[in-house]
Amino acid sequence: MISIIVPAYNAEKYLDACLESILTQDACMEVIVVDDGSTDSTYDIAVRHGVKAIRQPNKGLSSARNTGLDNASGKWVLFVDADDCLTPGALRHLLDAASDTGCDIVIGGFIKGESPRAIPASSSTPLVFASNWISSTTLYQTSPDSINNSVCGKLYASRLFTGERFTEGLYYEDLDIFYRIYRQVDRIAVINVPVYFYRTNHGSILHKFDRRRLDALKVTERMENDIAAPLKKAARDRRLSANFNAFALIAANDQDGSYTREADMCWSVIRELRMSSLLNPRVRAKNKAGIILSFFGKRIFKAVARIFF
């Protein structure tokens, strides 16, 4: 059985479509909707669909997912955000790949857009990779859409979450937990078929400047400290990328100097890590351009950042 965990906060606009996409799947499942303190009809919609509906005070996405995990009883776990959908046949593709390969993690493809659309047919024949290859690729952000650090659109053996939970009160919670889950296995299956529709939300913090975006600095620092060789260098390069991005966002948006301390901390990390990343062929061209620009000094880098961010 698959435990499908749907965290939901004021999701009445999309929750019907989300649950319909789940409940029409051909699989044995339990669906757990965790209403994270909604003030609209989210809870009533979940009850109407006959799923397990749990109410809790508003504590954030990580807490809602943790509540779902605490109440899950399936052999497998799948996360679906309330404004997203599963594609037709998604669970069958994921389960078949798990059965064929014996892997405890199966990664399916993502599609993105404003609303669900027809899904092109693709091969669901699974490819099996060593988990270190997947993790390294994900850290460098050079992977195809089927390999990313989102916890959604992936099938996990529930045992992988024994003793592991999302860090509450933290944004970039997926980046914070993915490597802790992946390193428990030695192989990961990837299928070349879209199983998950991600609804583009232009109001999310990823599309604007928000202090919470600076959580990426804490997450990537912890990742660098926590990950052992041979992925240590990849984690360090990912941390550099996060500091470049944060510094540029602050330069472009901080008009009154409220984030001067954070910007100085970012610049210190950039200066410390930039040379080794510059010589690494796996670092993205965009980041290498930023590294080269940083050698011209903080003032020039800020001026350029204000143009592009």
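Quick note: structure is the one above.
Each chain has its residues counted from 1, following the order in which its sequence is written. Per-residue local features are limited, in this predicted model, to residues with pLDDT of at least 70; the limit for side-chain atom pairs, both in listing and counting, is 80 or more; totals at the level of whole chains, interfaces and linings are taken over all residues. In computing side-chain properties, one takes all heavy atoms of the structure into account and sets aside hydrogens as well as water.

> How do you make sense of the overall build of the chain when you look at a structure like this?
Put simply, DSSP H or I for four residues or longer makes a helix, DSSP E for two residues or longer makes a strand, and each gets a number counted from the N terminus. Secondary structure summary: the chain contains eleven helices and nine strands in total. In terms of overall dimensions, the chain is globule-like: its C-alpha atoms have a radius of gyration of 20 Å, near the 19 Å expected for 309 residues. Of the contacts formed within the chain by residues at least 6 apart in sequence, a portion of 77% connects residues at least 24 apart. Counting only carbon and sulfur atoms, one obtains 51% of the accessible surface of the chain, whose full area is about 14,200 Å². In this treatment the radius of gyration is a C-alpha quantity, and the globule benchmark scales as 2.2 Å times the residue count to the 0.38 power. Contact criterion: two residues are considered in contact whenever any of their non-hydrogen atoms come within 4.5 Å of each other. Only the protein chains shown count as cover for residues, and the accessible areas themselves come from Shrake-Rupley with a 1.4 Å probe.

> Would you mind going over the environment of Asn10 with me for this structure?
The topology assignment puts Asn10 in the loop between strand 1 (2-8) and helix 1 (15-23). Exposure categories follow from relative accessible area, calculated using a 1.4 Å probe and restricted to protein chains: below 20% of the type maximum is buried, above 50% is exposed, and the middle band is partly exposed. What makes Asn10 partly exposed here is its relative accessible area of 31%. As for Asn10 and Thr42, which are separated by 32 residues in sequence, their C-alpha atoms are 5.9 Å apart. In terms of polar contacts, Asn10 uses its side chain to reach the backbone amide nitrogen of Thr39, at 2.6 Å. Pairs of N or O atoms are called polar contacts if they sit within 3.5 Å, as long as, within protein, a hydrogen donor faces a hydrogen acceptor (for residues adjacent in sequence, only side-chain-to-side-chain pairs).

> Before we go on, may I ask you to explain the pairing of strand 1 in this structure?
Consecutive residues of a regular strand have side chains that alternate between opposite faces of the sheet. Among the seven residues that make up strand 1, seven are buried, leaving the element largely enclosed by the rest of the structure. Neither face of strand 1 is left uncovered, since the one carrying Ile2, Ile4, Val6 and Ala8 and the one carrying Ser3, Ile5 and Pro7 both have all their residues buried. On the question of chirality, the crossover connecting strand 1 to the parallel strand 2 (residues 29-36) by way of helix 1 is right-handed. Pairing between strands requires that DSSP locate at least two bridges from one strand to the other. As defined by bridge partners, strand 1 adjoins strand 4 (residues 76-79) across four bridges and the pair is classed as parallel. Note on strand 4: the bridge partner recorded for Ser3 is Val77. Crossovers are marked right-handed if the path from the first strand over the helix to the second runs clockwise, as seen with the strands pointing away from the viewer.

> What am I meant to see in the packing of aromatic side chains here?
Geometrically, a pair of aromatic rings is defined through the distance of the ring centres and the angle of the planes. The pairing test for Phe, Tyr and Trp rings, Trp by its six-membered ring, is centres within 6.5 Å, and the orientation test on the planes gives stacked under 30 degrees, edge-to-face over 60, and tilted for anything in between. What the rule picks out here adds up to eleven aromatic pairs. Taken together, a centroid distance of 5.7 Å and an interplanar angle of 70 degrees make the contact between Phe79 and Phe161 edge-to-face. Here Phe79 is found in strand 4, whereas its partner Phe161 is found in the loop between strand 8 (154-157) and helix 6 (173-182), with 82 residues between them in sequence. Taken as a pair, Phe79 and Phe161 share a single burial class, namely buried. Residues Phe178 and Tyr182 carry aromatic rings whose centres are separated by 5.3 Å and whose planes lie at 90 degrees to one another, so their mutual orientation is edge-to-face. Taken together, the residues Phe178 and Tyr182, both in helix 6 and four residues apart, mark about one turn of the helix. In this structure, Phe178 and Tyr182 share a single accessibility class: buried. Taken together, the aromatic side chains of Phe79, Tyr156, Phe161 and Phe166 make up a single cluster linked through ring pairs.

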